[in-house]
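Given next are the chains, with one letter for each unit.
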Amino acid sequence: MFEDDWWRADNYNAMNEYLRGLPTSDVLVIDVASDIDPLAAKTSGFKGHPYVLGLLHNFGGRSGMYGNLDLYKQQAQAALGSGHAVVGLGITMEAPGQNPIVYDFYLDLAWTGTGAEEDTDAWIDEWVASRYAVATDHAVIKVWRVFVNEFYNGEVEQHTDKWMLLSRPKLFESCVGGIVSSSVLVAWQEFVDFSDLQHIVNWRRDVAAITNIIMQSFFCRQLEAINQRLKSDWLDVEDVLDLMDEVVAKIETVLATDENTQLGCWIDDAEQWAQSTDEARALRWNMAVQVTTWSFPDSQLQDYAKKAWAGLTEKYYAKRWQLYAQFLRSKAGSSGEMLDQMELNGELRTFERGWLKGELPDFSCSDDGDILKFLKQELG
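These figures come from a predicted structure and were not determined experimentally.

### Things to note about the environment of glycine 83
Next up, step 1: Along the chain, the position of glycine 83 falls in the loop between helix H3 (69-80) and strand E3 (86-91).
Next up, step 2: The class of glycine 83 is exposed, set by a relative accessible area of 70%.
Next up, step 3: On a C-alpha basis, the gap between glycine 83 and methionine 164 in space is 43 Å, while along the polypeptide they are 81 residues apart.

### As for unusual backbone geometry
Next up, step 1: With phi around 55 degrees, phenylalanine 46 is a residue other than glycine that occupies positive phi space.
Next up, step 2: Looking at the element boundaries, phenylalanine 46 is found in helix H2 (residues 44-47).
Next up, step 3: On the basis of relative accessible area, phenylalanine 46 is assigned to the buried category, the value being 3%.
Next up, step 4: Backbone geometry places lysine 47, a non-glycine residue, at a positive phi of 55 degrees.
Next up, step 5: Judged by relative accessible area, which is 26%, lysine 47 ranks as partly exposed.

### Examining the packing of helix H8 (residues 201-230) against helix H9 (residues 238-255)
Next up, step 1: Put simply, H8 and H9 touch, their axes get as near as 9 Å, and they point 165 degrees apart. Put simply, H8 runs roughly antiparallel to H9. By crossing handedness, the relation of H8 to H9 is classed as left-handed. Side by side, H8 and H9 meet where Ala208, Thr211, Asn212, Met215, Gln216, Phe218, Phe219, Gln222, Leu223, Ala225, Ile226 and Arg229 of the first sit next to Asp239, Val240, Leu241, Leu243, Met244, Val247, Val248, Lys250, Ile251, Val254 and Leu255 of the second.
Next up, step 2: Of the residues in the contact of H8 with H9, the class split is 16 nonpolar, four polar and three charged.

### Points about H9
Next up, step 1: For H9, built from 18 residues, the straight-helix expectation of 26 Å at 1.5 Å per residue is met to within 8% by its first-to-last C-alpha distance of 26 Å.
Next up, step 2: If you check which residues of H9 are buried, you get Val240, Leu241, Met244, Val247, Val248, Ile251, Glu252, Val254 and Leu255. The buried residues of H9 all sit within an arc of 160 degrees when viewed along its axis, so they share a single face.

### Some words on the sheet that holds strand E2 (residues 51-55)
Next up, step 1: Taken together, the three strands give an open sheet; going across it, the order is E1-E2-E3, and neighbouring strands pair in parallel fashion. The sheet terminates laterally at strand E1 (29-31) and E3, the two strands that pair on one side only. Each adjacent strand pair in this sheet contributes to an overall mean axis angle of 25 degrees, direction not counted.
Next up, step 2: Pairing of E2 with E3, which is carried by five bridges, proceeds in the parallel orientation. Within the sheet, the bridge partner assigned to leucine 55 lies in E3 and is isoleucine 91.
Next up, step 3: Those strands touched by H3 are E2 and E3, and its axis lies near 170 degrees from that of E2.
Next up, step 4: Helix H4 (residues 100-111) contacts E2 and E3 of the sheet and is inclined by roughly 165 degrees relative to E3.

### Focus on the nonpolar core
Next up, step 1: In terms of nonpolar packing, the biggest core is built from 103 residues, with Tyr132, Val140, Trp144, Phe191, Tyr324 and Leu328 touching the most fellow members.
Next up, step 2: Considering every element that reaches this core, the biggest residue donor is H8, with 12 residues.
Next up, step 3: Filtering out sequence-adjacent residues up to four positions away, leucine 328 remains in contact with Leu171, Ile226, Leu230, Leu235, Val237, Leu241 and Leu339.
Next up, step 4: Formed by five residues, the second largest nonpolar core is a distinct cluster that contains Ala33, Phe59, Tyr304 and Ala305.

### Examining the pattern of salt bridges
Next up, step 1: This structure, assessed with the given rule, holds 14 salt bridges.
Next up, step 2: The closest approach of N and O atoms between arginine 205 and aspartate 258, which form a salt bridge, is 3.7 Å. Taken together, the residues arginine 205 in helix H8 and aspartate 258 in the loop between H9 and helix H10 (263-271) connect sequence positions 53 residues apart.
Next up, step 3: With a relative accessible area of 36%, arginine 205 lands in the partly exposed category.
Next up, step 4: One connected set of salt bridges, linked through shared partners, spans Arg168, Asp303, Arg320 and Glu352.

### Quick word on the packing of aromatic side chains
Next up, step 1: Counting across every chain of the model gives 17 aromatic pairs.
Next up, step 2: A ring pair is formed by phenylalanine 147 and phenylalanine 151, whose centres lie 6.5 Å apart and whose planes are at 35 degrees; its orientation type is tilted. Of the two residues, phenylalanine 147 and phenylalanine 151 are both situated in helix H6 (residues 139-151); the distance of four residues between them amounts to about one turn of the helix. Here the two residues phenylalanine 147 and phenylalanine 151 agree in accessibility, since each one is buried.

What counts, and at which threshold
Residues numbered from 1 in each chain as written. Predicted model: local features only at pLDDT ≥ 70, side-chain atom pairs only at ≥ 80, totals over all residues. Heavy atoms only, no water. Helix = DSSP H or I, 4+ residues; strand = E, 2+ residues; numbered from the N terminus. Buried < 20%, exposed > 50% of the residue type's maximum accessible area, 1.4 Å probe, protein only. Axes fitted to C-alpha atoms, helices over the stretch in contact; angles between N-to-C directions. Parallel < 35°, antiparallel > 145°, perpendicular 65-115°, else oblique. Left-handed = near helix turned anticlockwise from the far one by under 90°. Contact = heavy atoms within 4.5 Å. Nonpolar A, V, L, I, M, F, W, Y, C, P; charged D, E, K, R; others polar. Expected span 1.5 Å × (residues − 1). Arc of directions from axis to C-beta. Pairing = 2+ DSSP bridges. Core = buried A, V, L, I, M, F, W, Y, C linked by side-chain atoms within 4.5 Å. Salt bridge = Lys/Arg side-chain N within 4 Å of Asp/Glu carboxyl O. Phe/Tyr/Trp six-rings, centres within 6.5 Å; stacked < 30°, edge-to-face > 60°.

Below you can see the structure in the form of structure tokens.
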């Protein structure tokens, strides 16, 4: 159903005929990914059957801050004004635990009709105020408007060029999309300075999430610097590789401040269901593989459910980028044009197969991390 080639005229016709033959009282259609590819318009409103608009938004629970609030509102307004039998809005994301503003906003549209009578900016102000238990004139509101404009005003799903650290290294791969704007950097610095919010759990988690994105942006900057040097006749990237290592270590520290972004906690939760040592081992393997190779190296779902999690960053993503660094160091002094992606892939594949074979490191789950301590060390 998600294959673009499947949606040809003959298949649309077949689905329409199928729907036409069913009593409207017996079927409720879920338009699972109406935010990405709404099918109602292509099927004449599912031939009169009642249906629910589904916000898919997220594939595999991928980390990040992304979405398009105005688009979701426009889609809901268009559907409810189409004359079709829309009976509700639903969220159909493949995993929870990220982007709460997206799901809160979408579900609120169901309670405000189409949301036409409510200004999106006003909704955002109220959402932020509620999240941190502050008045709507608090300075944090203005900061969040910057975040929304940057992260929730464009793409409807997370793309691979945003978070290159979480993807298998590729030579010359652009990371420009993951570099945040200067306005976000300023807003981040203001956000972490709200001393009156430091006791609020949501604020601390959001600080960690946004700080992670800033660090990911720094990683992208270093990768872009390497890409520029790879175009030269004399390969020398040692200084940039050292900076990348430092950034990755900081990202791991940030993620370890929240038990919701730790692979060890996720694995511990899964192992609690085990009835034997073998079953615990199998669950542990499944948890680790699902967020990495998914099934086997080079599958189409490689890194499908990528997560910015502590443990996973240090012991999987960083290890792959260390192999990338070793590969470049081994080619020092040669021409960047002579680099072979297939050779690098072979080394990466060997490491990934280790995970598939169950050669997994130990992962910790801790609530001892302190994002404020990290920020004090970094920002003074």
